[in-house]
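As a plain string of letters, each chain reads:
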Amino acid sequence: MIVPEASDEAVAVFAAKKNLRLLVTGGLPDPVAPALAWRQVAGGFLVQDRDGARLDLASLRVVTRRAPTAAELADLRFAWTVAKHVKSNAIVYVRDGATVGIGAGQMSRVDSTRIAARKARDMAEALGLTEPLTVGSAVASDAFFPFPDGLFAAAEAGATAVIQPGGSIRDDEVIAAADAAGLAMVFTGVRHFRH
């Protein structure tokens, strides 16, 4: 067991247990405190800020004609949290509070979007469902959509709402694409994408 602290009495109880170890760590660091993350690269290191951001609902900016419904907003919030813990070019589909598709680690955001949708489709088939689990879903992207193609792929998969950081030089095109597809889209102003 790993615990931040333990009384002498608790340590004695655990010491008497066979095949059990008690590790006392002391206080754990604040997971949202500013910190640096290190990645080894050929010939050196990449140092970047750790992603300790939490979603601030007051800072969400609805950028489409249609705002998300309360149910969509709940799914967007959950999708955003999941996307934080997925590798680069993360796309996460969520429906009714459950993750239904994840695409990640691709060179292209549209490829991640399609992979996540395909995984959801495969799962629906395996469960004997009549439609893909992405129909009626919310989708999160860990970084901005650089082109409308990823957004179109999400809409084709059946997503109805999107959460992303925004900040692309093509945001206007992406917003227009979301409006054309009838999607609700919010910008967070914060990206989860890390190298």
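Remember, it's a predicted structure, so these values are computed and weren't measured experimentally.

Scanning the protein for helices and strands turns up five helices and ten strands. Against the 2.2 N^0.38 benchmark of 16 Å for 195 residues, the protein shows a C-alpha radius of gyration of 20 Å, more extended than a compact globule. Dimensions of the protein, computed from C-alpha atoms along their principal axes, come out at roughly 65 × 45 × 40 Å. When contacts within the protein are restricted to residue pairs at least 6 apart in sequence, long-range pairs at least 24 apart make up 47% of them. In the form shown here, the protein has an accessible surface area of approximately 11,200 Å², with 57% of it arising from carbon and sulfur atoms. Charge-centre separation for the protein: the mean point of 21 positive side chains lies 5 Å from the mean point of 21 negative side chains.

In this section: a nonpolar patch on the surface. Side chains of Leu36, Trp38, Phe45 and Val47 sit close together on the surface and give an oily, nonpolar patch of about 470 Å² of accessible area. Residue position: valine 47 is located in strand β4 (residues 44–49).

Extensive coverage of strand β6 (residues 91–95) is indicated by the burial of four of its five residues. Looking at chain direction, β6 and strand β8 (residues 138–141) are connected through four bridges and run antiparallel. Looking at the pairing, tyrosine 93 lines up with valine 139 of β8.

For the rest of this paragraph, the subject is the environment of lysine 87. Within the element layout of this structure, lysine 87 appears in the loop between α2 (70–84) and β6. Linking lysine 87 and alanine 104, residues 17 residues apart in sequence, is a C-alpha distance of 5.6 Å. For lysine 87, the residues in contact, after removing those within four places along its chain, are Arg39, Ala104, Gly105 and Asp142.

Our focus in this paragraph is the packing of helix α3 (residues 109–126) against helix α4 (residues 148–157). Contact geometry of α3 with α4 gives a least axis separation of 8 Å together with a crossing angle of 10°. Between α3 and α4, the crossing angle belongs to the class labelled roughly parallel. Two secondary-structure elements touch here, α3 through Val110, Thr113, Arg114 and Ala117 and α4 through Asp149, Gly150, Ala153, Ala154 and Ala157. The residue inventory of the contact of α3 with α4, partitioned by class, reads five nonpolar, two polar and two charged.

Attention now goes to the environment of phenylalanine 152. Residue position: phenylalanine 152 is located in helix α4. Of the residues examined, phenylalanine 152 reaches a relative accessible area of 39% and is grouped as partly exposed. Along the backbone, phenylalanine 152 and alanine 181 are 29 residues apart, and their C-alpha atoms lie at a distance of 7.6 Å.

We now examine the side chain of serine 112. Positionally, serine 112 belongs in helix α3. Judged by its relative accessible area of 0%, serine 112 is buried. Beyond its immediate stretch of four places on either side in the chain, serine 112 contacts Asn89, Ile91, Gly103, Ala104, Gly105 and Gln106.

Cut-offs and rules
Residues numbered from 1 in each chain as written. Predicted model: local features only at pLDDT ≥ 70, side-chain atom pairs only at ≥ 80, totals over all residues. Heavy atoms only, no water. Helix = DSSP H or I, 4+ residues; strand = E, 2+ residues; numbered from the N terminus. Rg over C-alpha atoms; globule rule 2.2 N^0.38 Å. Contact = heavy atoms within 4.5 Å. Areas by Shrake-Rupley, 256 points an atom, 1.4 Å probe, with all protein chains shown as cover. Lys, Arg positive; Asp, Glu negative; His and termini not counted. Charge placed at Lys NZ, Arg CZ, Asp CG, Glu CD. Patch = residues over 30% accessible without salt bridge, like charges linked within 9 Å, V, L, I, M, F, W, Y side chains within 5 Å. Salt bridge = Lys/Arg side-chain N within 4 Å of Asp/Glu carboxyl O. Buried < 20%, exposed > 50% of the residue type's maximum accessible area, 1.4 Å probe, protein only. Pairing = 2+ DSSP bridges. Axes fitted to C-alpha atoms, helices over the stretch in contact; angles between N-to-C directions. Parallel < 35°, antiparallel > 145°, perpendicular 65-115°, else oblique. Nonpolar A, V, L, I, M, F, W, Y, C, P; charged D, E, K, R; others polar.

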